[in-house]
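Overview (structure and organization)
Single-letter residue listing:
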Amino acid sequence: MKSTRLAAIGIAAVAVTSFGVLGAGCGSSSSSSDTTPATTASTPTSTTSATPSTATTVTVDLGKGSEFNMTSSVASAPAGKITFDVKNDGTMLHEMVVVPEPAGGVDALKQADGTADEANAVGEAPDIEAGATKSVTLDLKAGKYVLLCNLPGHFAGGMWTTFTVS
Ligand SMILES: [Cu+2]
């Protein structure tokens with residue numbers, strides 16, 4: 001009786017071992033293909049969390065309604081990165097220059113030839129063709145600014161608007 005039981009256990013052990021080998025063969029090929037997507041999926045997750053740069057977006061329209069009109073979607077924004085999406089709705093070339101407002105106000109920027117003094121400009125979206133949009137992102141400190149177009153005659157024609165950074 002004892003020898004019969006041992007023989008039966010021996011057969012069972014062999015069966016388990018052979019199943020185990022087959023199982024390992026199948027499992028290793030499927031588990032290696034599972035690990036690859038898991039690794040690549042974790043990479044974009046870390047990139048996304050590293051991009052919470054909260055730049056305020058301001059839309060500026062040029063030439064909307066009348067050729068020398070300049071309007072911004074908001075009149076103020078918090079200090080920091082501000083992206084100006086400047087759209088030329090007019091029929092001629094325009095630009096948007098950002099200049100700190102001088103103590104004397106917007107009129108103090110006016111030069112003899114009618115253009116604005118842009119020596120202190122902090123940035124610009126230059127040469128925007130009719131129908132085109134250009135974006136510029138500026139890191140602005142708190143203060144009053146003037147957004148203006150400085151192509152000949154445009155500033156004198158009233159192509160400017162004020163903008164406050166707080
Ligand atoms: Cu202009």
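Fair warning: this is a prediction, and the values are worked out from it, not measured in the lab.

Overview of the overall build of the protein chain
Scanning the protein chain from N- to C-terminus turns up one helix and nine strands. If you list the helices and strands of the protein chain from N to C, you get α-β-β-β-β-β-β-β-β-β. For the protein chain, the proportion of contacts with a sequence separation of at least 24, taken over those separated by at least 6, is 73%. Split by element, the accessible area of the protein chain, about 9,900 Å² in all, is 61% carbon and sulfur.

Describing the pattern of salt bridges
Throughout the structure, instances matching the rule amount to two salt bridges. We note a salt bridge from K64 to D61, for which the minimum N-O separation is 3.7 Å. As a salt-bridge pair, K87 and D89 come within 2.8 Å of each other at their nearest N and O atoms.

Some words on the coordination of the copper ion
Distances from the copper ion to its protein donors, H94 (ND1), C149 (SG), H154 (ND1) and M159 (SD), fall at 2.0 to 2.8 Å. One way to put it: the four donor atoms around the copper ion meet at angles of 86 to 135°, and that makes the site tetrahedral.

Overview of the sheet that holds strand β1 (residues 56–62)
In space, the four strands of this open sheet follow the order β2-β1-β4-β7, with mixed pairing throughout. One side of each edge strand has no neighbouring strand; the edge strands of this open sheet are β2 (70–72) and β7 (133–140). Going across the sheet, the axis of each strand differs from the next one's by a mean of 25°, ignoring polarity. Taken together, the three bridges between β1 and β2 define a ladder with antiparallel strand orientation. Residue V60 lies in a different strand from β2, and its bridge partner there is S72.

A short note on the packing of aromatic side chains
Here the structure, examined in full by the defined rule, presents one aromatic pair. When the ring of F84 is compared with that of F163, the centres are 5.5 Å apart and the planes differ by 70°; the resulting orientation is edge-to-face. Taken together, the positions of F84 in strand β4 (residues 80–88) and F163 in strand β9 (residues 160–165) put the pair 79 residues apart, joining distant regions of the chain. Judged on exposure class, the residue F84 and its partner F163 are both buried.

Re the side chain of T115
Looking at the secondary structure, you find T115 in the loop between β5 (94–100) and β6 (123–128). Of the polar contacts made by the side chain of T115, one reaches the side chain of D113; its length is 2.7 Å. Beyond its immediate sequence surroundings of up to four residues, T115 is in contact with L109, K110, N150 and F155.

Brief notes about unusual backbone geometry
Even without being glycine, D127 reaches a positive phi, approximately 45°. Within the secondary structure, D127 is located in strand β6. The partly exposed category is assigned to D127, whose relative accessible area is 44%.

Examining the side chain of E95
Within the secondary structure, E95 sits in strand β5. The side chain of E95 is buried and forms no salt bridge, while K134, the nearest opposite charge, is found at 8.8 Å. Side-chain polar atoms of E95 contact the backbone nitrogen of N150, separated by 2.9 Å. Apart from the residues lying within four places of it in its own chain, the contact partners of E95 are L62, M70, E118, E124, A125, P126, D127, I128, L148, C149, N150 and L151.

Focus on the pairing of β9
By the alternation rule, side chains of β9 split into T161, F163 and V165, which are all buried, and W160, T162 and T164, of which none is buried. Across two bridges, the pairing between strand β3 (residues 76–77) and β9 is parallel. Within β9, the position partnered with S76 by the bridge is T164. As paired elements, strand β8 (residues 143–148) and β9 share six bridges and run antiparallel to each other. Opposite V146, over in β9, you have T162 as the bridge partner.

Rules of the game
Every chain is numbered on its own, with residues counted from 1 as its sequence reads. Restriction of local features to residues with pLDDT of at least 70 applies here, the model being predicted, together with a cutoff of 80 or more for giving and counting side-chain atom pairs; totals for whole chains, interfaces and linings are based on all residues. Side-chain descriptors were evaluated using all non-hydrogen atoms of the structure, hydrogens and water having been removed beforehand. Counting from the N terminus, the helices are the DSSP runs of H or I reaching at least four residues and the strands are the DSSP runs of E reaching at least two. Contacts are residue-level and defined by heavy atoms, with any inter-residue pair within 4.5 Å sufficient. Accessible surface area values rest on a Shrake-Rupley calculation with a 1.4 Å probe, where residue burial reflects the displayed protein chains alone. Salt bridges are counted wherever a side-chain nitrogen of Lys or Arg sits within 4 Å of a carboxyl oxygen of Asp or Glu. Coordinating donors are taken to be N, O and S atoms lying within 2.8 Å of the metal, or within 3.2 Å when the metal is Na, K or Ca; because water is excluded from the atom set, some sites may appear incomplete. For four-coordinate sites, all angles between 85 and 135 degrees define a tetrahedron; for four- and six-coordinate sites, opposite donors beyond 155 degrees with the remaining angles between 65 and 115 define square planar and octahedral shapes respectively, and all other cases count as irregular. Should DSSP find at least two bridges between two strands, the strands are regarded as paired. As a rule, the C-alpha atoms of each element are fitted with a line to give its axis, helices using only the stretch in contact, and angles between N-to-C directions run from 0 to 180 degrees. Note on aromatic contacts: the rings of Phe and Tyr and the six-membered ring of Trp form a pair at centre separations within 6.5 Å, being stacked when their planes are under 30 degrees apart, edge-to-face when over 60 apart, and tilted otherwise. Buried, partly exposed and exposed residues are distinguished by accessible area as a fraction of the type maximum, computed with a 1.4 Å probe on protein chains only: under 20%, between the cut-offs, and over 50%, respectively. Whenever a nitrogen or oxygen atom comes within 3.5 Å of another N or O atom, the pair is scored as a polar contact, on the condition that within protein one atom can donate a hydrogen and the other can accept it, and that pairs from neighbouring residues in sequence are kept only if both atoms are in side chains. Two residue types count as positive, namely Lys and Arg, and two as negative, namely Asp and Glu; His and chain ends fall outside the count.

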